[in-house]
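A look at the structure
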Amino acid sequence: MLVSAEEMLTKAKEGKYAVGQFNINNLEWTKAILLTAQELNSPVILGVSEGAGKYMCGYKTVVGMVNGMLEELNITVPVALHLDHGSYEGAKACIEAGFSSIMFDGSHYPIEENVAKTKELVAICKEKGMSIEAEVGSIGGEEDGVVGAGECADPEECKMVADLGVTMLAAGIGNIHGKYPENWAGLSFETLDAVQQKTGTMPLVLHGGTGIPEDMIKKAISLGVSKINVNTECQLSFQEATRKYIEAGKDLEGKGFDPRKLLAPGFEAIKETVKEKMELFGSVGKA
Ligand code: 13P
């Protein structure tokens, strides 16, 4: 059964580790992430962007697929199904469809409107036992056509949004989605420290997990980050392994064209990436 992310993140914050949110794109992605979490006895959050939700034929299809897998793969570790960077309408649709967690990304609204909409969604999620993530300070880079500038959050605004009763808070600290540019200035630990001082026990979320050096990940966790989002890195692992298979001409040998064979190296590569991240984040054995 899907669970809210609240308990797993409260435990992570107390235990000074982070739970990975891995974004899903299809059946192979979902299966790879769930099996790895189960093998490593780790809690996990499956992230679904609005674009990926559309690609997978809508939120109801996603809920059906994930619930089916939990049962048929005997997944017993805590799993949350979470809308990533949801719009107000998307958040409502996912609540209806049976997600167990949502992110309402109101960072592009003026703070007053972000607050009003977040408040309304917090009340609905509380009633349904779901977790809700809010964002302050936009995360840079491009995700599903949404381009953010990558600013650092104002700790006072973070406190204001945290006090609305959200479960976890994403604060921009110079992180961006996708690959980091050569001249990236790195994470602003000064901002993160200030945000944690204002928000106390609130689990903080680090978006743009792809390509952040290990020492920065560890430092971020030590300063209160308890959820780390990874998307692009699984895509790159899948791509690289699939490319190798085709370039080696394996699709031309015997039944190498069978999708169950063609997609297997990419599937294994996603599993490996998820494993590496769970080990780095410290969530192994914490289910
Ligand atoms: P990356 O694609 O950079 O790993 O970011 C993922 C993310 O933050 C999803 O919200």
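This report concerns the structure included in the present document. (Residues numbered from 1 in each chain as written. Predicted model: local features only at pLDDT ≥ 70, side-chain atom pairs only at ≥ 80, totals over all residues. Heavy atoms only, no water.)

What follows deals with the sheet that holds strand S4 (residues 101-104). What holds strands together in a sheet is hydrogen bonding between their backbones, with the strands either parallel or antiparallel. Judged by pairing direction, the barrel is parallel, and its eight strands sit side by side in the order S1-S2-S3-S4-S5-S8-S9-S10 before closing back on the first. Neighbouring strand axes in the sheet, compared pairwise and without regard to direction, differ in orientation by 25 degrees on average. With six bridges connecting them, strand S2 (residues 44-49) and strand S3 (residues 79-86) associate as parallel partners. Bridge assignment links isoleucine 45 to a residue of S3, and that residue is alanine 80. Along the sheet, helix H2 (residues 27-39) makes contact with strand S1 (19-23), S2 and S3, crossing S2 at roughly 165 degrees. (Pairing = 2+ DSSP bridges. Helix = DSSP H or I, 4+ residues; strand = E, 2+ residues; numbered from the N terminus. Axes fitted to C-alpha atoms, helices over the stretch in contact; angles between N-to-C directions. Contact = heavy atoms within 4.5 Å.)

With that out of the way, let us pick up helix H6 (residues 111-128). Between the first and last C-alpha of H6 there are 25 Å, a value that for 18 residues agrees with the 26 Å anticipated at 1.5 Å per step. Of the positions making up H6, those classed as buried are Ile111, Asn114, Val115, Lys117, Thr118, Leu121, Val122 and Cys125. Buried residues along H6 sit in contact with helix H5 (88-97), S4, strand S5 (131-136) and helix H7 (155-162). In the stretch just after H6, glycine 129 is the one whose phi turns positive, near 70 degrees. (Expected span 1.5 Å × (residues − 1). Buried < 20%, exposed > 50% of the residue type's maximum accessible area, 1.4 Å probe, protein only.)

It is worth spelling out unusual backbone geometry at this point. Positive phi, close to 55 degrees, is recorded for lysine 16, a residue that is not glycine. Note on placement: lysine 16 falls in the loop between helix H1 (6-15) and S1. Notably, histidine 85 is not glycine yet its phi reads approximately 50 degrees, a positive angle. With respect to the helices and strands, the residue histidine 85 is situated in strand S3. Taking relative accessible area as the criterion, histidine 85 reaches 16% and is therefore assigned buried.

That's the geometry; what it means functionally is another story.
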